[in-house]
Each structure stands twice: as structure tokens, then as C-alpha cells.
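Spelled out from the first residue to the last, the chains are:
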Amino acid sequence: MDEYNRFVDWEKMDVTVQSQDPKELSCTEFQELKQLARQGYWAKNHSLRAKVYHKLINDIPCRTVTPDANVYRDIVVKIIGKRSSSSLPLPEFVDNSLVPTYCLNAEGIGAVRKIILCVANQFPDISFCPALPSVTALLLHYSRDEAECFEKVCRILACNDPSKRLIDQTFLAFESSCMTFGDLVNKYCQAAHKLMVAVSEDVLEVYSDWQRWLFGELPMVYIARVFDVFLVEGYKVLYRVALALLKFFHKVRAGQPKESDNVQQDIRSFVRDIAKSVTPERLLEKAFAIRLFSRKEIQLLQMANEKALQQKGITVKQKSSFFSVFCFVFLRQNVHLAVHAENFKSEIVSVKEMRDIWSWIPERFALCQPLLLFRVLTLCSCYRFYSHSEGHEPTLLLIKTTAKEVCGAFLSTDWSERRRGGNKLSFFGTGECFVFRLQPEVERYEWVIIKHPELAMSVSEPENHASGSSSTLSSSSIPADPSDRLSPFLSARHFNLPSKTASMFMAGSSECIIIGGGDGQALYPYADLKPGRTSHCDTFNNQPLCSESFQISVLEVWGFRD
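Here the structure is a predicted model, which is why all the values come from computation and not from measurement.

**What about the overall build of the chain?**
For the chain, the count of helices and strands is 21 helices and 13 strands. Expressed as a percentage of the 562 residues in the chain, the buried residues total 58%. Contacts spanning at least 24 positions in sequence make up 73% of the contacts within the chain whose residues lie at least 6 apart. Total accessible area computed for the chain in this model is approximately 24000 Å², and 49% of it derives from carbon and sulfur atoms.

Listed below in C-alpha cells is the structure:
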């Protein structure tokens with residue numbers, strides 16, 4: 001341990017969990033490293049972890065010119081001068097982030113600031129990187145000197161592998177990651193998301209804390225275990241652990257009275273004191289039990305969120321505190337602001353119900369406000385429906401039956417896609433589509449194949465059927481390697497994906513409109529809308545949208561206005 005002892009305050013470290021064995025790591029295969037990292041193979045040996053970090057970081061593909069330890073030795077005196085390291089101001093791009101001590105001694109705490117200032121000197125293109133203080137403090141634990149730590153940090157920042165994302169370095173990347181995390185929470189932590197919507201005025205502001213939970217609030221022992229896996233598997237690990245933290249928070253919070261009116265502070269407090277309720281092993285176990293989207297899919301979602309932010313002109317964080325607050329509100333519009341009580345009028349749902357729906361839709365579309373496209377008391381013609389709906393993507397369909405049942409669907413694809421099937425009824429859509437019921441009770445039904453990927457292997461070859469039938473997804477179109485399989489999560493035409501990745505969610509012809517059903521296996525409850533006649537609804541797992549046979553009392557189609 002002596003070799004990596006310089007910056008560590010061992011009186012603050014739990015030495016009882018430290019072990020001198022094993023001392024070496026011989027494996028180099030990714031799958032084996034992945035398993036060892038998840039199991040905590042080097043977690044109990046400080047020196048071994050330092051050597052593993054050195055190897056993993058040295059293997060990161062970097063820019064041709066990446067600052068190394070010698071650069072640090074050359075510039076540190078010029079940049080720091082005679083100033084006290086403990087009082088050095090941090091660069092603006094860390095956004096007043098916490099500088100965790102992580103059981104560092106006084107020399108180590110000062111060294112973190114020196115290293116960050118030297119990094120800022122060498123990376124003028126970094127505009128927003130709140131995770132940097134935490135990463136630097138952690139790596140200092142496992143470095144012989146400041147120069148070695150500086151080199152490790154620089155290699156992580158200079159990674160030039162487009163498929164290997166490590167640390168966000170711009171406000172655009174950071175905010176889109178917050179939106180992506182919000183989308184993942186909405187998909188994988190629905191109970192927690194429902195709680196956030198209920199107790200928070202601004203959901204995205206809560207989710208914008210997700211990196212702070214990891215790089216700031218999480219205790220040293222926990223973030224070190226997370227970082228072990230992060231260096232092997234990449235950015236996706238951070239989403240997994242943050243989702244697991246939110247799940248544990250919801251579990252604890254659900255059984256207790258509300259502690260305060262600030263759920264953002266409550267989550268921070270929970271993460272800081274997580275040792276009271278969850279072990280590092282249990283946290284990682286929970287994180288890797290989540291059947292998360294593939295790395296490719298998450299990258300596509302991140303791209304879509306970045307594009308939405310760019311279209312809104314949000315690419316940098318302004319210096320004024322007013323804009324910082326405004327930006328958070330503007331991003332998700334704070335469902336109360338997106339759905340204006342004075343401007344919103346529906347014959348089917350109340351303002352509160354529309355706000356509930358808005359909390360379910362993907363983050364990049366929640367930037368917009370609802371725009372009524374079409375309202376009809378009796379659906380007499382499919383073509384009239386199409387004429388008002390086509391050209392808008394996405395759309396929201398609301399239906400009220402004569403029995404006062406209320407249901408609907410979020411439809412991510414333009415209805416003009418129906419023409420691709422010619423005169424035959426063909427299905428289209430993406431995995432972001434979902435159906436829901438508001439009356440007599442509230443329920444949302446997401447895409448089951450996304451939630452249970454094993455079901456995707458059981459479906460058969462696609463066919464076009466007559467009216468009222470569904471289409472199926474070819475199992476032969478799914479690659480054998482699950483890591484390369486793209487579930488139909490995002491719009492195929494947006495990302496040049498093959499059409500076979502499109503979800504079979506919606507279909508339309510001159511005779512009927514079908515919503516839901518999904519891949520021929522009735523993976524959603526679905527509705528078959530027939531103009532001027534009785535419509536039909538099928539169930540999935542005995543969960544109906546409305547009565548099996550129903551008549552439309554009111555139908556509305558809503559678009560999304562910037």
C-alpha cells in the first residue's frame with residue numbers, strides 16, 4: 001500500500017475491508033474483466049485497484065496529443081504559482097460542483113484543485129464538466145503522485161473512441177444525458193417516476209441531479225465500486241446505478257411520511273447515507289438486474305435529445321443564475337407550464353389528466369406544448385382523421401366512449417407511414433409508443449418486448465393481414481448477439497435504421513384504425529376503431545383499455561407545438 005499511500009488519510013478509511021490478496025490481475029479478456037469488476041475482485045486491495053486503474057486507463061484510445069505526467073510537471077508551477085492549493089478557485093465548467101474528499105488527507109484535497117486547474121489549461125474546449133472534481137479525487141487515491149493522476153484524468157477526457165463515451169464535457173451533452181435519464185426512469189422506474197411527478201414541481205430538475213448522486217453524494221466505497229465497472233463497461237453503467245439508487249429511494253420513501261417539500265434534497269440525503277440501508281454489493285446487484293436498452297439504443301436516444309435541445313437553442317449554460325433556473329424550467333416546461341390551464345381546453349381530459357399524460361412522454365417531446373389538431377364527436381371517416389393527423393409527429397390520441405371510459409395512445413410516427421403498405425393494412429410505429437387508460441382508473445401500458453426482451457425471440461415472420469389483424473416481427477431479423485440487437489426504440493427514418501426494426505404498433509386503412517396490439521402477440525391492449533360503427537378493444541393479461549365493444553363519444557388528436 002505504501003506506493004499509493006501519499007494522499008490517503010487511512011484513519012478515515014475502513015481498513016478492515018482491505019486485504020493484501022490477490023496482488024496481481026492476469027486476465028485481459030473483456031468478458032472476464034467485466035465479471036471480475038462486477039464481483040469486486042480488486043475492491044479490497046488498494047494497491048491492486050491502483051494497478052488495474054492504470055492498465056484500464058492506459059488502454060483507452062486517445063487523441064494523438066494527450067497531456068501526460070511530464071506536461072503536468074512543466075505547467076503546474078506556472079499555473080498555480082505560490083497560491084495556497086486549498087484556496088484555489090475551480091474553473092467555471094465544474095459548475096460549483098462538490099469536491100468530495102473521499103478520505104483524502106490535506107495534501108490530497110489541495111492536489112485535486114491543482115490538477116483540475118491544470119486540466120482546464122490543457123482542455124480549453126471543455127465547457128461543462130461537473131463530474132470532474134469527483135473523478136479527480138477518486139483517481140488521486142490510486143496514483144503515486146499528482147502528475148500520474150493528471151495523466152489518468154487527461155486520458156479519460158481525451159478518449160476519441162466514438163463508441164466509448166466516458167465523461168460529459170459540454171452543457172449540451174450533460175443536459176441531454178439528464179433527459180435520457182428521465183426517459184429511462186419513465187420506462188424502468190415507473191413507480192418512482194410517478195412519485196417524482198407527484199411531489200416535485202419540476203421533474204427534470206430532479207433528474208438533472210443524477211450525476212451528482214454518483215459523482216458527489218455517493219460515499220467513497222460505493223463510487224469506487226461503480227468506477228471499477230465504469231472503466232470496463234462505460235457510460236451505461238452510470239445510468240444503471242442511478243436507476244438503482246432511485247428504485248431504492250422510492251422503496252424507502254414509499255414506506256415513510258414525506259420528510260420535506262424538497263424531494264431533490266431528500267434524494268441527495270438518501271444517497272449520502274446509503275450505507276444505512278444498502279450495501280455496495282446490493283446496489284450493483286440491483287443495477288445489473290435492470291434489463292436496460294443496449295448501448296447503441298441509448299446512444300440513439302441521447303442523439304435525439306441533443307437534437308431537440310439544439311433545435312431549442314439550448315447548447316450552453318449561461319452564467320446568470322436566473323438563466324440557470326429558467327433553463328431547467330424551459331427544458332421540460334415543468335408539466336404545469338407545458339400544459340397551460342388558461343390555454344388548454346379538451347372535451348375528454350382535464351388539465352391535471354393532461355399533465356399526467358405529459359409526464360409519461362419522452363423528454364424531448366415534453367419540451368413542447370399540446371396543440372389540438374382534430375376533434376370529432378363521431379368518427380365518420382378515416383380519411384378525415386388522416387387529413388388532420390398526417391404531417392405531425394408525434395401525436396397524442398384521446399378517446400372518450402359513450403360509457404364515459406377514457407383511453408388513448410402516444411403515437412410516435414407520422415400517419416403518412418401507413419401508405420408504405422399500399423392497399424394492404426400494414427403496421428408501423430416505434431417502441432416509444434404506448435397506450436393508456438384514464439377512466440375508470442389510470443393505467444399506462446408500455447411496450448412489453450422492451451420490458452421483457454426474451455419475448456422478442458418468440459415472435460414469428462411478419463405478414464400482412466386483413467382488417468383487424470396484427471403483424472408480427474421476424475425472429476430471423478434479430479441478430480444472434482443480443483448486444484447488437486436494436487429493439488425498435490426510436491424512429492427508423494430519423495436514424496437510418498432498417499425498417500425491420502420498426503415496432504408494429506399502429507396501422508390504418510380506409511376502413512379502420514388500429515392502435516396497439518403489437519407484433520401480432522397482443523403485447524398491448526389494443527383498440528380497433530371503425531368509423532360510424534361499433535369499435536372493438538382487445539386485452540393483454542386481462543388488462544383492457546375499455547369495454548370490448550364500444551362507441552366513440554369524443555375523439556381528439558393532439559400535436560406538439562414548439
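Moving on from the model shown.
**Here we look at helix α15 (residues 295-311)**
The first and last C-alpha atoms of α15 sit 24 Å apart over 17 residues, in line with the 24 Å expected at 1.5 Å per residue. Taken as a whole, α15 has its buried residues at Glu-297, Ile-298, Leu-300, Leu-301, Gln-302, Ala-304, Asn-305, Ala-308 and Leu-309. Just past α15, the residue Gly-313 takes up positive phi, approximately 80 degrees.

**Describing the pattern of salt bridges**
Side-chain pairing between opposite charges can occur once the charged atoms of the two side chains come close. One pass over the structure, following the stated rule, counts 26 salt bridges. A salt bridge links Lys-352 to Asp-356; the nearest nitrogen and oxygen atoms lie 3.3 Å apart. With Lys-352 and Asp-356 both in helix α18 (residues 351-358), this residue pair falls 4 residues apart, about one helical turn. Owing to a relative accessible area of 58%, Lys-352 belongs among the exposed residues under this scheme. The structure contains a network of salt bridges with shared partners spanning Glu-3, Arg-144, Glu-148 and Lys-152.

**Structural notes on the sheet that holds strand β6 (residues 443-445)**
The strand order across the open sheet formed by 6 strands is β1-β13-β2-β3-β5-β6, and the pairing between neighbours is antiparallel. The outermost strands of the open sheet, each flanked by one partner alone, are β1 (369-376) and β6. Taken pair by pair, the neighbouring strands of this sheet meet at an average axis angle of 20 degrees, ignoring direction. Sheet topology places strand β3 (residues 406-411) next to strand β5 (residues 434-439); 5 bridges connect them, and they run antiparallel. Bridged to Ala-409 within β5 is Val-435.

**Examining the pairing of strand β2 (residues 395-401)**
Burial analysis of β2 places 6 of its 7 residues in the buried class, which makes it a mostly covered element. As paired strands, β2 and β3 are joined by 6 bridges and run antiparallel to one another. Note on β3: the bridge partner recorded for Leu-398 is Gly-408. Where β2 folds back onto β3 in an antiparallel hairpin, the turn is made up of 4 residues, including Lys-404, whose phi is positive at roughly 70 degrees. Relative to strand β13 (residues 552-561), β2 runs antiparallel, the two being bridged by 6 bridges. Along β13, the bridge assignment pairs Leu-398 with Glu-556.

**A few points about the nonpolar core**
Ranked by size, the top nonpolar core spans 120 residues in total, and within it Ile-156, Trp-210 and Phe-227 carry the most contacts. Counting residues per element, this core draws most heavily on helix α12 (residues 236-254), which supplies 11 residues. No fewer than three residues from each of domain 1 (10-158) and domain 2 (171-315) sit in this core. Leave out the neighbours within four places in its chain, and Phe-227 touches Tyr-53, Val-135, Leu-138, Leu-139, Ile-156 and Phe-215. In this structure, Leu-373, Tyr-386, Tyr-445 and Phe-550 belong to the second largest nonpolar core, which totals 25 residues.

**A short note on the confidence of the model for the chain**
Low pLDDT means the predicted atomic positions in that stretch should not be read closely. Taken as a whole, the chain shows an average pLDDT of 79; of its residues, 76% reach a score of 70 or greater. Here residues 319-336 is modelled with pLDDT under 50, and outside its nearest four sequence neighbours on either side it reaches 42 contacts, counting other chains as well. Scored below 50 in pLDDT, residues 518-524 makes 34 contacts in the model with residues more than four places away or belonging to other chains.

**What about helix α6 (residues 146-157)?**
Taking 1.5 Å as the rise per residue, α6 with 12 residues should run 16 Å; its terminal C-alpha atoms sit 17 Å apart, in good agreement. Counting buried positions over the 12 residues of α6 gives 11, a clear majority of the element. Along α6, the residues classified as buried are Glu-146, Ala-147, Glu-148, Cys-149, Phe-150, Lys-152, Val-153, Cys-154, Arg-155, Ile-156 and Leu-157. Contacts made by the buried residues of α6 are with α2 (46-58), α3 (69-80), α4 (106-122), α5 (132-141) and α11 (220-233). Sitting at the amino-terminal end of α6 is Asp-145, which places a side-chain oxygen 3.2 Å from the backbone nitrogen of Ala-147.

**Focus: the pairing of β3**
Within β3, 6 of the 6 residues are buried, leaving the element largely enclosed by the surrounding structure. Both faces of β3 are covered, namely the face carrying Val-406, Gly-408 and Phe-410 and the face carrying Cys-407, Ala-409 and Leu-411.

Criteria and thresholds
Residues numbered from 1 in each chain as written. Predicted model: local features only at pLDDT ≥ 70, side-chain atom pairs only at ≥ 80, totals over all residues. Heavy atoms only, no water. Helix = DSSP H or I, 4+ residues; strand = E, 2+ residues; numbered from the N terminus. Buried < 20%, exposed > 50% of the residue type's maximum accessible area, 1.4 Å probe, protein only. Contact = heavy atoms within 4.5 Å. Areas by Shrake-Rupley, 256 points an atom, 1.4 Å probe, with all protein chains shown as cover. Expected span 1.5 Å × (residues − 1). Salt bridge = Lys/Arg side-chain N within 4 Å of Asp/Glu carboxyl O. Pairing = 2+ DSSP bridges. Axes fitted to C-alpha atoms, helices over the stretch in contact; angles between N-to-C directions. Core = buried A, V, L, I, M, F, W, Y, C linked by side-chain atoms within 4.5 Å. Domains from an automatic or database assignment. pLDDT = per-residue confidence, 0-100. Polar contact = N/O pair within 3.5 Å; in protein donor to acceptor, adjacent residues only side chain to side chain.

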